Amino acid sequence: PVEAEICEGEKYILPKVAVMQMDDGNFMTLPVKWKEEPDFSILTPGKYSIEAYAPDERFPDIAPSATIVITSEKYVVDEIEIKPVVEPFAPGDVKIDGGIFAENRDRMYQYLLNTDDDSMLYNFRQAAGIDTKGATPMTGWDAPECLLKGHTTGHYLSALALALKNGNYENELGSKINYMIDELARCQDTMEKSGEFNYGFLSGYSEEQFDLLEEYVIYPKIWAPWYTLHKIMAGLLDCYEFAGNEKAYEICKKLGTWVYNRLNACSEEKRQKMWSMYIAGEFGGMNEVMARLYGLAKEPEYMTAAKFFDNEKLFYPMSMNIDTLGGIHANQHIPQVIGAFEMFRQGEGQHYYHIA
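Thresholds, definitions, all that
- Residue positions are given per chain, counted from 1 along the sequence in the order it is written.
- Only residues with pLDDT of 70 or above have their local features reported here, since the model is predicted, and side-chain atom pairs are shown and tallied only from 80 upward, although totals for entire chains, interfaces and linings are computed over all residues.
- Only heavy atoms go into the side-chain values, all of them from the structure, while hydrogens and water stay out.
- Here a helix means four or more residues in a row that DSSP labels H or I, a strand means two or more in a row labelled E, and each is numbered from the N terminus.
- Two things to know: the radius of gyration comes from C-alpha atoms, and the globule rule equals 2.2 Å times the number of residues to the power 0.38.
- Categorising residues by exposure relies on relative accessible area from a 1.4 Å probe, with only protein chains included: less than 20% of the type maximum marks a residue as buried, more than 50% marks it as exposed, and the intermediate range marks it as partly exposed.
- Only heavy atoms matter for contacts: two residues are in contact if any of them lie within 4.5 Å across the pair.
- What counts as a salt bridge is simple: a side-chain nitrogen of Lys or Arg found within 4 Å of a carboxyl oxygen of Asp or Glu.

Q: Whenever I open this one, the overall build of the protein confuses me. Can you help?
A: Along the protein, the regular secondary structure elements total 13 helices and five strands. Computed over C-alpha atoms, the radius of gyration of the protein comes to 23 Å, within 12% of the 21 Å expected from 2.2 N^0.38 for 356 residues, which places it in the range of a compact globule. Taken along the three principal axes of its C-alpha coordinates, the protein extends 65 × 45 × 40 Å. For the protein, with 356 residues in total, the buried portion stands at 46%. The long-range fraction of contacts in the protein, counting pairs at least 24 apart against all pairs at least 6 apart in sequence, stands at 65%.

Q: Even after reading the chapter, I still don't get the environment of Leu157, so can you show me in this structure?
A: Along the chain, the position of Leu157 falls in helix 3 (residues 151-165). The spacing of Leu157 and Tyr352 is 195 residues in sequence and 29 Å in space, taken between C-alpha atoms. Excluding residues that lie within four positions of it along the chain, Leu157 makes contacts with Met180, Ile181, Leu184, Gly235, Leu236 and Cys239.

Q: Is there a simple way to explain the pattern of salt bridges in this structure?
A: Where side chains of opposite charge bring their charged atoms close, a pairing between them can arise. Throughout the structure, instances matching the rule amount to 19 salt bridges. With a shortest N-O distance of 2.8 Å, Glu268 and Arg271 are connected by a salt bridge. Linking Glu268 with Arg271, this pair stays in helix 8 (residues 268-275), spanning three residues, or about one helical turn. Overall, the relative accessible area of 33% leaves Glu268 in the partly exposed class. Among the ionic pairs, Lys307 bridges to Glu348, the shortest N-O distance being 2.8 Å.

Q: I would appreciate a short explanation of the side chain of His151 in the present structure.
A: As for its placement among the helices and strands, His151 is situated in helix 3. Judged by its relative accessible area of 5%, His151 is buried. In contact with His151, other than residues within four places in its own chain, are Trp141, Asp142, Tyr227, Thr228 and Lys231.

Limitation: the analysis is restricted to geometry and does not speak to function.
Encoded structure:
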């Protein structure tokens, strides 16, 4: 059963999932629809009971109930004092002098220095309708025919920024970063001026995959468009924070506005259904990167956008310390938990800390 106590006048929304315990003692979540959902903010103090429809045809006789107590007394949420036990070293503060780790690092430097930037830009230029400069298209998950294209370019930006921060090949790596960012800015500007894309959009493909996700088209007809966008935005912020590239920050802020506008136009019900979809609705660490962006820009819409990625299927049972992780896609859900922790770090309350 769902149980909650709220203050008179407080907004409360019933969860869109129910937690079920199986005969073997394990837990799972199921989508749930309530027979009624009153506006609790206008109800007088008292106890209210709400019934739900059976959430799954496999269990026609099992349906959750909710008991919501509205009190006229203001209450204070008890918050525990949270102090970091350890802190990570900043990139560049640790040096490797020799051995296999230094050999691997140097091999990675050479890989980055020899990577063709125009190949990394191929999908973005093609999406923007500008000259690809005769570059060789990428392969694998970034091949032009692949629906995940563009995400490796985001990883590449992060790698360049971290490598530069470590203090070797600064001129060469800095030149590559500046070139990549300048060209990505050109793609973003061209997309906007074309009138075919909404303000701020940037990716290795059009907005079609996002349109289809909002129509609940399943994987593999679409392939995790928000996941790809996270890699791009994280790479841009890394280039700003670790390499000092201001233009990367401006590109990311425009993208952040696109994220807010896109998801603000979706209902909460639609967002929850998207995030529950296997792989198609996988969004990587979008909540984390939007919280990072908020921490830098202090624009409230960025944190609002981070909250748009709250995934009740994952967060609701976690908030009650119930383990429903068995059998769900790790790569899809662990980044969401890291994002919850980043939201706590940026001041969004201990609710996100306890979930994480």
